[in-house]
Amino acid sequence: MKNTLTTLAALSILSISSTSILAKPGPRGFNQGVSSSPAQRVLNGDASDFGALQDKFTAYQRLTNGGAKYYDKSDGELRKEHVTIYEKIQHVTLEDRLTEEEAREAIDELLTIGELHLASPDTAEASQKLEALKQDIRSKTEEKVPADALTPRLNRMQFHIEEAIRFGEENGDLSTGELSSIRRKLDSLESDEDSAKSDDEISDREREKLIEEAREIWRETLEEFD
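Residues numbered from 1 in each chain as written. Predicted model: local features only at pLDDT ≥ 70, side-chain atom pairs only at ≥ 80, totals over all residues. Heavy atoms only, no water.

Of note, the phi angle at Asp96 is positive, near 65°, even though the residue is not glycine. One can find Asp96 in the loop between α3 (76–94) and α4 (100–119). Using a relative accessible area of 17% as the deciding quantity, one classes Asp96 as buried. A positive phi angle, close to 65°, is found at Asp200, a residue other than glycine. Along the chain, the position of Asp200 falls in the loop between α7 (176–196) and α8 (204–225). (Helix = DSSP H or I, 4+ residues; strand = E, 2+ residues; numbered from the N terminus. Buried < 20%, exposed > 50% of the residue type's maximum accessible area, 1.4 Å probe, protein only.)

What follows is about a negative patch on the surface. On the surface, Glu101, Glu105, Asp108, Glu109 and Asp187 cluster together into a negatively charged patch. Following the sequence through the fold, Glu109 ends up in helix α4. Under the relative-accessibility criterion, Glu109 is labelled partly exposed at 37%. (Patch = residues over 30% accessible without salt bridge, like charges linked within 9 Å, V, L, I, M, F, W, Y side chains within 5 Å. Areas by Shrake-Rupley, 256 points an atom, 1.4 Å probe, with all protein chains shown as cover. Salt bridge = Lys/Arg side-chain N within 4 Å of Asp/Glu carboxyl O. Lys, Arg positive; Asp, Glu negative; His and termini not counted. Charge placed at Lys NZ, Arg CZ, Asp CG, Glu CD.)

Attention now moves to the confidence of the model for the chain. Of the residues in the chain, 81% reach a pLDDT of 70 or more, and the chain-wide mean stands at 84. For the stretch residues 1–35, pLDDT sits under 50, and the model shows 74 contacts to residues farther than four places along the chain or on other chains. (pLDDT = per-residue confidence, 0-100. Contact = heavy atoms within 4.5 Å.)

A separate point is α8. End to end, α8 covers 32 Å across 22 residues, agreeing with the expected 32 Å (1.5 Å per residue, within 8%). On its buried face, α8 is in contact with α6 (152–170) and α7. (Expected span 1.5 Å × (residues − 1).)

Below, the structure is given as structure tokens:
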């Protein structure tokens, strides 16, 4: 996936839904208390933590997650379907009904369909592929997950880290080594999560430990963008 910074800049005037919980920005616009270091900032765990890069990150989300990069006005229905599928993936992942790995694979496929359509527009073919992806997601989605094993806050942070990885990779902000390091930590987090949920429940202590682990990965990911 290749975007130009010019395209991102043009879209960066988009309004941002997430707002800072601290009024004073850091040198690059990051939210901060005493220091601009990610380890010392109060982080929201969402796009607002990107500070000066927030507009570009939000524009990137609109281009990819929102389908603006792949579908023009004549492809309104395809873009609508693209957005619906992305939101569905996010929703069932936050509900623990789709694993993080399955969600990654589904999003990769969704963006690939968009890239192929951008390179060689074919409405019927794209529509067919999107429908097949919907069916695949549906077949992998758990009908019901034990309430005691749900971790929506953790899943949301993991989802945002995945978005940050794609953003950093596409725009060259994250090197191959940095991407590999973040991926290893995410894989370790997912392994810890699976272990904690192996008995279909998770204690408050385990939950908070996993969330703090995710926060640390988020902090370290932001640090790589400094």
